[in-house]
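Structural characterization, general
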Amino acid sequence: MPVTATRTAGNTPAREARRGVLLQLVRPVARTVPWWALAAGGGLGLLAAALPRLSGGEVTPWAGVNALRAAALCFALGAAFLLDDPARQTTAAVPVRRVLRHALRCALVLPAAAVWWSAAVLLVPEEARPPAGDVTVEAATALALALAGAAFAVRRRGAGRPGQAVAASLLVAAVLAPLLTPSEWSLFTVPGDPRWADAHGHWTLLLCAALLAVAVCCVEPVRRRTLRTLRSPSRS
Amino acid sequence: MSPTVSASGLSLHYGATRALDDVSLRLTPGVTGLLGPNGAGKTTLLRVLATAVPADRGAFTVLGHDPSTARGRQEVRRRLGYLPQTPGFHPDFTAFEFVDYVAILKELTDRSARHREVRRVLDEVGLADVRGKRIRKLSGGMRQRVALAAALVGDPAFLVLDEPTVGLDPEQRMRFRELIATAGEGRTVLLSTHQTEDVAMLCHRVVVLAGGTVRFDGTPAELTARAAGRVWSSDGRDPGALAGWRTGLGTFRNVGDPPPGADLLEPTLEDGYLLTLDGAAAEVTA
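Residues numbered from 1 in each chain as written. Chains lettered and ligands numbered in written order. Predicted model: local features only at pLDDT ≥ 70, side-chain atom pairs only at ≥ 80, totals over all residues. Heavy atoms only, no water.

**A word on the overall build of chain A**
Tallying secondary structure elements over chain A gives eight helices and zero strands in all. Each helix and strand of chain A, placed in order from N terminus to C terminus, yields the pattern α-α-α-α-α-α-α-α. A buried classification covers 45% of the 236 residues belonging to chain A. In chain A, the proportion of contacts linking residues at least 24 apart, taken out of those at least 6 apart, comes to 78%. (Helix = DSSP H or I, 4+ residues; strand = E, 2+ residues; numbered from the N terminus. Buried < 20%, exposed > 50% of the residue type's maximum accessible area, 1.4 Å probe, protein only. Contact = heavy atoms within 4.5 Å.)

This is how it looks when you write it as structure tokens:
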């Protein structure tokens, strides 16, 4: 059968072909997204965000911001499974680039994540609600770190299901971060603290670094960079 | 005949472990068998040639394209089918849906033509009757055939098969041999296997890999000829043999340097393979 006749990439401009592939991939990729993990993380996150309201009594800004931080962490733990793909080995050598496949997964989840985060923020009573923009940067950073970890595991080891290990690492990092980050960074301040603005400058930097790491790790390397090759870089 | 794959000096290390060391080979249309003991570097070589992992050193081309550039790699992948050693699936997909998904990933975007192609490859691997069945409900042999169909979809010019017959019963293995033989008509197939009989039956050429290096590259007949005059029968295990085992007849089949006056036997491909491995063959005797 003249199969090449069905392959449009060679016959049409690359961008159009890529768009055609992406459109056709939406449905199958949506089915491969581990929605259960995101739902579990999201559900736990909403519960965490609602805790101050459910506990009754006056809600302090401290409780409000930390409830949202806990919510963001829960969702990020679920998102650590986003790049899990049991068919990774079977699809290891296909022409559609990994970065596009990963981007499609993220794009499919992003609208749901935005709606979820809005709901989480609204669950915190208004008087205790931290500035939405700042706390969203914190949540985005947690999400980006989870994705960076997963993308790194895929790039480094070709891992089919890196989610579990990445989620565990993220949880440990979240527990240790308040103890190990330099005190001048003051990442975990509360609204009203004079260091709040500076802290969110640092959060923004962290977010940029995490997004850069995601972008770098999503690209499949054409060359291996190991200590051995770096010591003697000549390639025959 | 111009080679489909031309590789020179391929090397790859995992930490201190040398997985491939200066491997050079040329592959032409037909089925080439890749034999070697566990840890020989077969899977690594296949993953490198399938562009799933880049080499540390060396260069290779597939159908004239250089996969050390992003564009070249993409061109190679457009002409490539790859069946990994442990293929994974999305278990909730049906066989048809999974192969269709792989077909989209291979840039077959014309829906009706693609569906025809998916049906064709599923027919070819004998899964026409179960194409609507979820993969989680298929047997191991059927899943392996789904993976082969995924490798075959898009009619690739270069097919890389990593131990496709592992875990299959004799009937399924025979069926797979037929499929691979058919796949080898008009395209280049690189078949990694532990089964010397697969190579004897299917391959026009055989490469033996051990310790990450090529120990032999020639025809199956040439590999068999290496054992000519070096296989003999005896009543007990011959201590001078590199390898020896009791046959169903109660006598011992020995491979190595025969003693004078030994009762020589007709060599097989496996004998030639064992002699090629040398040290590894000695381990068989122990």
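**Thoughts on a positive patch on the surface**
On the surface, Arg15(A), Arg18(A), Arg97(A) and Arg71(B) cluster together into a positively charged patch. Residue position: Arg97(A) is located in the loop between α3 (61-79) and α4 (98-123). Residue Arg97(A) is classed as partly exposed on the basis of its relative accessible area of 34%. (Patch = residues over 30% accessible without salt bridge, like charges linked within 9 Å, V, L, I, M, F, W, Y side chains within 5 Å. Areas by Shrake-Rupley, 256 points an atom, 1.4 Å probe, with all protein chains shown as cover. Salt bridge = Lys/Arg side-chain N within 4 Å of Asp/Glu carboxyl O. Lys, Arg positive; Asp, Glu negative; His and termini not counted. Charge placed at Lys NZ, Arg CZ, Asp CG, Glu CD.)

**Remarks on a nonpolar patch on the surface**
Together, Leu171(A), Val172(A), Val175(A), Leu176(A), Leu179(A) and Leu180(A) make up a nonpolar patch on the protein surface, roughly 590 Å² of accessible area in all. Tracing the backbone shows Val175(A) in helix α6 (residues 163-180).

**Notes on the nonpolar core**
For soluble globular proteins, nonpolar side chains are generally found buried alongside one another. One finds Leu25(A), Phe98(B) and Val146(B) to be the most contacted residues of the largest nonpolar core, which totals 58 residues. The element that contributes the greatest number of residues to this core is helix α3 (residues 95-105) of chain B, accounting for nine residues. Counting 42 residues, the second largest nonpolar core, distinct from the first, contains Val33(A), Leu38(A), Ala79(A) and Leu147(A). (Core = buried A, V, L, I, M, F, W, Y, C linked by side-chain atoms within 4.5 Å.)

**A closer look at helix α4 (residues 111-124) of chain B**
Here α4(B) is 14 residues long and its end C-alpha atoms lie 20 Å apart, about the 20 Å a rise of 1.5 Å per residue gives. Looking at the buried residues of α4(B), the elements they touch are α1 (14-32) of chain A together with α3 and α5 (140-152) of chain B. Looking one or two places after α4(B), you find Gly126(B), whose phi comes out positive at around 80°. (Expected span 1.5 Å × (residues − 1).)

**Description of the domain arrangement of chain B**
Residue and element names in this part refer to chain B. Along its sequence, chain B is carved into domain 1 (1-79 + 156-218), domain 2 (88-154) and domain 3 (224-285). Inter-centroid distance (C-alpha atoms) of domain 1 to domain 2 is 23 Å. Taken together, the contact pairs 14 residues of domain 1 with 13 residues of domain 2. Carbon and sulfur atoms supply 59% of the area buried between domain 1 and domain 2, which totals about 1100 Å² over both sides. Taken as a group, Pro-156, Phe-176 and Leu-179 account for 37% of the area that domain 1 buries against domain 2, more than any other trio of residues on that side. Linking domain 1 with domain 2 are one salt bridge. (Domains from an automatic or database assignment. Buried area = accessible area lost by both parts, 1.4 Å probe.)

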